[in-house]
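Summary of the model geometry
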Amino acid sequence: MRVEAVILDLDGVVVTTDEFHYQAWQRLAGEEGVSFDRKINNRLRGVSCMESLTILLEKAKRKYSDKEKKEMAARKNRYYVDLLDEKLKPDGVLPGAMDFMEELKAHGIKVAIGSSSKNGMMILQKVGMDAYFDAVVDGNDITKSKPDPEVFLIAAKRLDIEPWDCLVIEDTEAGVAAGIAAGMKVFAVGAAADDERADVSAPSLEHISADEIIAALT
Ligand code: B16
Ligand code: MG
């Protein structure tokens, strides 16, 4: 393949907002008397807000109506956005991510974001990167979240690049599956680094250069 575009997942690849998601879910769970810990939080990584709520409520003592669930998801999002607003700064960009993307741009490779988060644009604004990418596709643009390939296929379309010339960088199982389903090559990092379905992997973008990745795929 020729790598013509790289579509990066946001949370866990370019920035880490994981701790803020954890704190917001924990506050909601506390208010509702539902048990919640980091192990359950790990299952929420990469999946949408409503799907995360369904997982959180697996241990609830009672059933919640759809109206109640909508209110709870909105409440969690308020807590999360308040944390982002207060705490997310340009130093929230993960080590190695900036150099990696600069290297791609220097090769004339297009760079995009493919995120499940409805707060994707706000996150990019907070770290000063809202004008950095050739395309940004987030949770507001999609009807089906990862592992469905929709987010990555929309990104490829906006970039005007064929899916088979795109490389996805992901940190979750659902995201790796979405990249494969999109017909793209997948580079797995972080929590997904040992996912054998990926074409290439590394602990983070700090541990490998873009040149090494491109060479491994061509
Ligand atoms: P929001 P990504 C994902 O972002 C997060 O990893 C996941 O934990 C979160 O539930 C999901 O976005 C939805 O986020 O609540 O902000 O809409 O990894 O796809 O960039
Ligand atoms: Mg992620």
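Let's shift gears to the coordination of the magnesium ion (ligand 2). Donor atoms from the polypeptide that bind the magnesium ion (ligand 2) are Asp9 (OD), Asp11 (O) and Asp171 (OD), placed at 2.0 to 2.2 Å. In terms of primary sequence, the donors binding the magnesium ion (ligand 2) are separated according to D-x1-D-x159-D. Taken together, the residues span a long stretch of sequence, with Asp9 in the loop between β1 (5-8) and α1 (18-32) and Asp171 in the loop between β4 (166-170) and α8 (173-181) at a distance of 162 residues.

Turning next to the domain arrangement of the chain. Domain annotation for the chain reports domain 1 (5-16 + 90-217) and domain 2 (18-87). Computed from C-alpha coordinates alone, the two centres of domain 1 and domain 2 are separated by 25 Å. Surface buried jointly by domain 1 and domain 2 totals about 1,100 Å² across both partners, of which 46% is contributed by carbon and sulfur atoms. Applying the counting rule to domain 1 against domain 2 returns two salt bridges. With its nearest N and O atoms 2.5 Å apart, the salt bridge here joins Asp171 to Arg45. Between domain 1 and domain 2 we count five residue pairs in polar contact (both at pLDDT 80 or more) in total. When its residues are assigned to classes, the side of domain 1 that touches domain 2 shows three nonpolar, five polar and four charged.

At a minimum axis distance of 10 Å, the contact between helix α3 (residues 49-56) and helix α4 (residues 66-87) shows a crossing angle of 110°. When the axis of α3 is compared with that of α4, the two are roughly perpendicular. Residues Cys49, Met50 and Leu53 of α3 lie in contact with α4, whose contacting residues are Lys69, Lys70, Met72, Ala73 and Lys76. Class assignment for the residues of the contact of α3 with α4 results in five nonpolar, no polar and three charged.

What counts and how
- Residues numbered from 1 in each chain as written.
- Chains lettered and ligands numbered in written order.
- Predicted model: local features only at pLDDT ≥ 70, side-chain atom pairs only at ≥ 80, totals over all residues.
- Heavy atoms only, no water.
- Donors = N, O, S within 2.8 Å, 3.2 Å for Na, K, Ca; no water.
- Helix = DSSP H or I, 4+ residues; strand = E, 2+ residues; numbered from the N terminus.
- Domains from an automatic or database assignment.
- Buried area = accessible area lost by both parts, 1.4 Å probe.
- Salt bridge = Lys/Arg side-chain N within 4 Å of Asp/Glu carboxyl O.
- Polar contact = N/O pair within 3.5 Å; in protein donor to acceptor, adjacent residues only side chain to side chain.
- Nonpolar A, V, L, I, M, F, W, Y, C, P; charged D, E, K, R; others polar.
- Axes fitted to C-alpha atoms, helices over the stretch in contact; angles between N-to-C directions.
- Parallel < 35°, antiparallel > 145°, perpendicular 65-115°, else oblique.
- Contact = heavy atoms within 4.5 Å.

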